[in-house]
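# Observations on the three-dimensional arrangement
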Amino acid sequence: MIKVYTDHEYLNEDNRKRIFPLLFDMVYKPNPKTQEHFCFTRSLEDANVAIFPVDIISFLHGDQKKYLQTWIDEASKYEIEIWVYAAGDFGVDLQGSNIKTFRFGGFDSKMNTNSQIMPAFINDPYDEIMTNDFYTLPKKTKPNIGFVGNADGSILKLFKEYFLYLRRNFRAIKVGKFEDYHGFYPSSYKRYRFLDKMSKSIKLDCNFILRKKYRAKEKNAGNRKDSTLEFFTNIQNNLYIFCLRGNGNFSIRFYEALIMGRIPVLVDTDVRLPFANTINWSKHCLLVSEKNLLEKIVSFHNAKSQVELEAMQFGNRKLIKEKLNRIDYFIQFSKQISKVK
C-alpha cells in the first residue's frame, strides 16, 4: 500500500478539473482498485510519495510560486518522491532529482529524465459510442489508412495559425511564462499536406474526412454526437490511423487509435511516449518521419503477416485497458517506488 501525502485543503469541488489525476480517483470518484494500492496519510514522515494536489501551471499563474517551492522543500526533507502535474498543451518541468513531473507532451530531447508522459485517458468508445463490439481487421494488399479531423491547407489557415501562435506568446510574456516554449508548428496546415501526399499515392488505400474545425469545438449536441460516431467509425474501419501532434507536441488521436485496437501511424516530432523505457512501442505503433512517411507505411505493412497484424490490434487495445488507463497508469508507478514504509 502506497501512502500518499498531499494538501487536503485543495481537495474541493472548485479544483475538480485541475486536480492531480490520481487524486481524482481517490477523492472525487473513489475507485476500489485505486484504494487497494493507495491511501492517504497526514504525515510526511509516514508517506511514500508526496503529491502536489493541483495542476502547477494554473497554480503558478495564480502567483503562488513561493508556496509551491516551500511545499516542495518541506517534502524533500523526508527523501521521498514528489509528484507534480503540469496540465495543458505545453507543460513544464520542475528541477529536482526526487521530483517527477507528469505531463501530456513535450520534446523528448529537451525534457529531463524525470518527465513522465501521461497518455490521454480515453473512455472506451465500445462502451459509450459504438454499436458493435471490437473486432480485428484483415490484412489487405494495400495498407488502408484512416483520418477524420481538422486539416486545412489554405494560406489563410496558415496565417491564422501563425496569428494564434503570436497571440499565445504575447499573453505568455504578459502574464509571466510558466510553460515550456514551443516554436511555431501549423498542425492543421501540415496535417493537410501529409494527407494530401498520401491520398495521391497508389500504394495506399486512404479514407480521409477533412474538417474545417476541431470536433471539440462543435457546440450543437446532435452534430457533435454524429461527428463523434463518424470519427470512431473511421478508426474502426481502417487498420492504420494517421496521427500528428496538435497545438502541443502530442496526439490524443494516437491513444484513441490504440483503444480501438488499430495501429497508429505517428509522425515523430521529437515525441516521448508513456513508459518509453519499459514499453516496446514498435510492437504497438509505427513511428515515421516527415520524409519517409509513405515508404515506412508500405514497407511495414508488407513485412507483417496477418497473424502479426492481428496480434498488434489485440495488443494495442489490451495496452490501454490494462496499463494506460488513468487508474492502472499510476499503479505502474507505485510499483517503482523504492521507499515503502
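Quick summary incoming for the structure in this document. Bear in mind the structure is a predicted one, so any value in this text is a computation, not a measurement. (Residues numbered from 1 in each chain as written. Predicted model: local features only at pLDDT ≥ 70, side-chain atom pairs only at ≥ 80, totals over all residues. Heavy atoms only, no water.)

### Some thoughts on the pattern of salt bridges
- Taken as a whole and judged by the stated rule, the model has 14 salt bridges.
- A salt bridge links Asp25 to Arg326, with the nearest nitrogen and oxygen atoms 2.6 Å apart. Of this pair, Asp25 sits in helix H1 (residues 21–28) while Arg326 is found in helix H12 (residues 326–334), placing the two residues 301 residues apart along the sequence.
- With its nearest N and O atoms 2.7 Å apart, the salt bridge here joins Glu230 to Arg211. Placement of Glu230 in helix H8 (residues 221–237) and of Arg211 in strand S8 (residues 205–211) is noted, with a sequence separation of 19 residues between them.
- Of the residues examined, Arg211 reaches a relative accessible area of 14% and is grouped as buried.
- Connected through shared salt-bridge partners, Asp93, Arg103 and Asp180 make up one network. (Salt bridge = Lys/Arg side-chain N within 4 Å of Asp/Glu carboxyl O. Helix = DSSP H or I, 4+ residues; strand = E, 2+ residues; numbered from the N terminus. Buried < 20%, exposed > 50% of the residue type's maximum accessible area, 1.4 Å probe, protein only.)

### So, the packing of helix H9 (residues 252–259) against helix H11 (residues 306–322)
- The contact between H9 and H11 brings their axes to 7 Å, and the two run at 110°. Classified by the interaxial angle, the pair formed by H9 and H11 is roughly perpendicular. Taking contact as the criterion, the partners of Tyr255, Leu258 and Ile259 in H9 are, on H11, Asn316, Arg317 and Ile320.
- Residue classes in the contact of H9 with H11 are distributed as 4 nonpolar, 1 polar and 1 charged. (Axes fitted to C-alpha atoms, helices over the stretch in contact; angles between N-to-C directions. Parallel < 35°, antiparallel > 145°, perpendicular 65-115°, else oblique. Contact = heavy atoms within 4.5 Å. Nonpolar A, V, L, I, M, F, W, Y, C, P; charged D, E, K, R; others polar.)

### Section: the sheet that holds strand S6 (residues 115–117)
- On the basis of which strands lie adjacent, the open sheet formed by 6 strands has the order S2-S1-S3-S4-S5-S6 and parallel pairing. The open sheet is flanked by strand S2 (38–40) and S6, the only strands paired with a single partner. Across the sheet, the axes of successive neighbouring strands diverge by a mean angle of 30°, strand direction being ignored.
- Sheet analysis places strand S1 (residues 2–5) next to S2, joined by 3 bridges and oriented parallel. In the strand pairing of S2, Val4 is matched with Phe40.
- The strands touched by H12 within the sheet are S1, S2, strand S4 (81–86), strand S5 (99–103) and S6, with S5 carrying the most contacts at an inclination of about 160°. (Pairing = 2+ DSSP bridges.)

### Some thoughts on the nonpolar core
- Membership of the largest hydrophobic core comes to 75 residues, with the highest contact counts inside it found for Phe20, Trp83, Phe254, Trp281 and Phe330.
- Other than its neighbours up to four places away in sequence, Phe20 contacts Ile51, Phe52, Pro53, Val54, Trp83, Val84, Tyr85, Phe102 and Phe330.
- Membership of the second largest hydrophobic core comes to 25 residues, among which are Leu204, Phe242, Val267 and Leu286. (Core = buried A, V, L, I, M, F, W, Y, C linked by side-chain atoms within 4.5 Å.)

### Observations regarding the pairing of S1
- Taken together, the 2 bridges between S1 and strand S3 (residues 49–51) define a ladder with parallel strand orientation. If you follow Val4 over to S3, its bridge partner there is Val49.

### Examining the side chain of Thr41
- Its place among the elements puts Thr41 in the loop between S2 and S3.
- Overall, Thr41 belongs to the buried group, its relative accessible area being 9%.
- A distance of 3.2 Å separates the side chain of Thr41 from the backbone nitrogen of Ser43, its partner in a polar contact.
- When neighbours within four sequence positions are excluded, Thr41 is seen to be in contact with Lys3, Val4, Tyr5, Asp46 and Ala47. (Polar contact = N/O pair within 3.5 Å; in protein donor to acceptor, adjacent residues only side chain to side chain.)

### As for unusual backbone geometry
- In the Ramachandran plot, Glu79 falls in the positive-phi region, its phi being about 55° despite a non-glycine side chain.
- With respect to the helices, strands and loops of the structure, Glu79 is situated in the loop between helix H4 (65–76) and S4.

### Looking at the sheet that holds strand S10 (residues 263–267)
- Taken together, 5 strands build an open sheet; the order of strands is S8-S7-S9-S10-S11 and the sheet is parallel. Edge positions in the open sheet fall to S8 and strand S11 (286–288), since each of these has one partner strand only. Geometrically, the sheet is characterised by an average inter-axis angle of 20° between neighbouring strands, direction not taken into account.
- Here strand S7 (residues 144–150) pairs with strand S9 (residues 240–243) via 2 bridges, running parallel. The partner of Ile145 across the bridge, within S9, is Tyr240.
- Of the strands in this sheet, S7, S8 and S9 touch helix H7 (residues 187–199), which is tilted by about 150° from S8.

### Digging into the pairing of S9
- Where burial is concerned, the two faces of S9 agree: the one with Tyr240 and Phe242 and the one with Ile241 and Cys243 are both buried.
- Pairing of S9 with S10, which is carried by 4 bridges, proceeds in the parallel orientation. Paired with Ile241 across the bridge in S10 is Pro264.
- Crossover connection from S9 via H9 to parallel S10: handedness right-handed. (Right-handed = clockwise from strand over helix to strand, strands pointing away.)

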